[in-house]
Amino acid sequence: MEKWICCTCGTQFGEMDGQPEACPICEDERQYVKEAGQAWTSLNTLIRSGQLKNDILQEERGIYSITTKPGFAIGQTAYLIQTEAGNVLWDCITYLDEETIAKVQELGGINAIALSHPHYYSSQVEWAEAFGCPVYIHEDDSQWVMRNSENIRFWSGEHHELFGGITLSRLGGHFKGGAVLNWEAGKNGKGILFSGDIIQVVADRNWVSFMYSYPNSIPLPSKKVREIQQKISSIDFDRLYGAFHRIIRDDAKISVINSAQRYISALEGTLFET
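Cut-offs used in this document
- Residues numbered from 1 in each chain as written.
- Predicted model: local features only at pLDDT ≥ 70, side-chain atom pairs only at ≥ 80, totals over all residues.
- Heavy atoms only, no water.
- Helix = DSSP H or I, 4+ residues; strand = E, 2+ residues; numbered from the N terminus.
- Rg over C-alpha atoms; globule rule 2.2 N^0.38 Å.
- Contact = heavy atoms within 4.5 Å.
- Lys, Arg positive; Asp, Glu negative; His and termini not counted.
- Charge placed at Lys NZ, Arg CZ, Asp CG, Glu CD.
- Buried < 20%, exposed > 50% of the residue type's maximum accessible area, 1.4 Å probe, protein only.
- Pairing = 2+ DSSP bridges.
- UniProt positions renumbered as here; feature names shortened; annotations may be inferred.
- Polar contact = N/O pair within 3.5 Å; in protein donor to acceptor, adjacent residues only side chain to side chain.
- Core = buried A, V, L, I, M, F, W, Y, C linked by side-chain atoms within 4.5 Å.
- Phe/Tyr/Trp six-rings, centres within 6.5 Å; stacked < 30°, edge-to-face > 60°.
- Axes fitted to C-alpha atoms, helices over the stretch in contact; angles between N-to-C directions.
- Parallel < 35°, antiparallel > 145°, perpendicular 65-115°, else oblique.
- Left-handed = near helix turned anticlockwise from the far one by under 90°.
- Nonpolar A, V, L, I, M, F, W, Y, C, P; charged D, E, K, R; others polar.

Per an unreviewed UniProt entry, the chain carries the name MBL fold metallo-hydrolase and comes from Falsibacillus albus.

Printed below as a string of structure tokens:
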């Protein structure tokens, strides 16, 4: 029995005798199956290979980034947020070894894991079991959980408060249950938003974007982006951490609102002529 991992998206499946027939997350039009076809590995295989290592870097007071080097699967960054009430891991990565566990324990461990959307579920259950903590996922995305666990807590509605001034908010868009995390004490009380790629920080760090599918370039409709813009207007934050170590350090809320308006104008044909 093995817990197989999809090499394209990094999602770990529950125990089974043989490899899964397919990865539903990659067969969905928001992701893709590589031209060479579906490939599988396991966490034990990745550890034994000795080829991967997790970089844990302090970004600022109370925030550490965790990124696998060289990149594996989608290659997102997870963030450890330290509060006086406990630590939260925002989003997850597939690779987890004893060295990573030891380093995170030195930083206070993990009291809760919260996920933005299914592309970053990865080996979330392995992390939850290693640190003895719950995993918070919006119930609208429950169908995408490939490895069930008693550690998983499905939350509902538009907001869910954790602890230490941390609140999860459902924005939808990229996925119906797509969520962001706001740490109100971050940046000296100005607030820090962690967005996964529900809100994607782009190459120009003054702007963000919103997509139904990033790899397949499928946009969201202007109506949905307008809804996200309205929801963001009620959240106070000044800095934003995206999924790929891209950061808007100042005036991030203004950047998100302006970016939503630019996106809507582009879709409705009023931003430019071509």
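Q: Run through the overall build of the chain, naming residues and quoting values.
A: Looking only at helices and strands, the chain features seven helices and 20 strands. Computed over its C-alpha atoms, the radius of gyration of the chain comes to 18 Å, within 12% of the 19 Å expected for a compact globule of 274 residues. Taking the principal axes of the C-alpha coordinates as reference, the chain spans close to 55 × 45 × 35 Å. Once local pairs closer than 6 in sequence are excluded, the contacts in the chain between residues at least 24 apart make up 56%. Each charge class in the chain can be summarised by its mean position, and for the 24 positive and 35 negative side chains these summaries are 5 Å apart.

Q: Explain the pairing of strand β1 (residues 2-6) to me, using residue names and the numbers behind them.
A: Within β1, four of the five residues are buried, which leaves the element mostly enclosed by the surrounding structure. In this structure, β1 lies alongside strand β2 (residues 12-16), joined through three bridges in antiparallel fashion. Of the residues in β2, the one forming a bridge with I5 is Q12. Counted along the chain from β1 to the antiparallel partner β2, the turn is five residues long, and its residue G10 has a positive phi close to 80°.

Q: Help me get a handle on the UniProt feature "domain: Metallo-beta-lactamase" (unreviewed entry) in the chain, residues and values and all.
A: UniProt feature "domain: Metallo-beta-lactamase" (unreviewed entry): in the numbering of this structure it lies at residues 75-244. Structurally, residues 75-244 comprises 19% helix and 31% strand, and the distance from its first C-alpha atom to its last is 7 Å.

Q: So, the side chain of T94: which residues are in play, and what are the values?
A: With respect to the helices, strands and loops of the structure, T94 is situated in the loop between β7 (86-90) and α3 (98-106). Only 2.6 Å separates the side chain of T94 from the backbone oxygen of G10, close enough to count as a polar contact. Residues contacting T94, with those up to four places away along its chain left out, are I5, G10, L43, L46, F72, S122, S123 and W127.

Q: Residues and numbers for the nonpolar core, please.
A: Judged by nonpolar contacts, the single largest core of 37 residues is most densely connected at C23, I66, L89, I110, I113, L115 and W127. If you list the elements that add at least two residues to this core, you get β1, α1 (24-27), β5 (63-69), β6 (78-83), α3, α4 (124-131) and β9 (135-138). Top element by residues in this core is α4. It accounts for four residues. Excluding residues that lie within four positions of it along the chain, L115 makes contacts with W90, D91, C92, Y120, Y121, Q124, V135, Y136, I137 and A179. V180, F210, I228 and A260 belong to the second largest nonpolar core, which has 22 residues in total.

Q: Now, about the packing of aromatic side chains: what can you tell me, with residues and values included?
A: Counted under the stated rule, the structure contains seven aromatic pairs. Here Y79 and Y241 contribute two aromatic rings whose centre-to-centre distance is 5.1 Å and whose plane-to-plane angle is 65°, an arrangement assigned as edge-to-face. Here Y79, found in strand β6, pairs with Y241, found in strand β19 (residues 239-242); they are 162 residues apart in sequence, far enough to count as distant. Exposure class is identical for Y79 and Y241. Each is buried. Note on W127 and F131: the rings are 6.2 Å apart at their centroids and 25° apart in plane angle, and the pair reads as stacked.

Q: I'd like a description of the sheet that holds strand β20 (residues 247-248), backed by residues and values.
A: Strands sit in the order β11-β12-β13-β14-β19-β20 across an open sheet of six strands; the sheet is mixed. Two strands lie at the open edges of the sheet, namely β11 (159-161) and β20, each paired on one side alone.

Q: Outline the packing of helix α6 (residues 222-233) against helix α7 (residues 252-267), supporting the account with residue identities and numerical values.
A: Two numbers describe how α6 lies on α7: the axes approach to 9 Å, and their chain directions differ by 165°. It follows that α6 is roughly antiparallel to α7 by the angle criterion. Crossing handedness for the pair α6 and α7: left-handed. Every residue of α7 that contacts α6 at S222, V225, R226, Q229, I232 and S233 is listed here: K253, V256, I257, A260, Q261, Y263, I264 and L267.

Q: Explain the packing of α3 against α4 residue by residue, including any values.
A: Viewed as axis vectors pointing N to C, α3 and α4 meet at an angle of 55°, and their least axial separation amounts to 11 Å. Between α3 and α4, the crossing angle belongs to the class labelled oblique. Of the two elements, α3 crosses α4, and the hand of that crossing is right-handed. On α4, the residues touching T100, I101, V104 and Q105 of α3 are W127, A130 and F131. Taken together, the residues that form the contact of α3 with α4 break down as five nonpolar, two polar and no charged.

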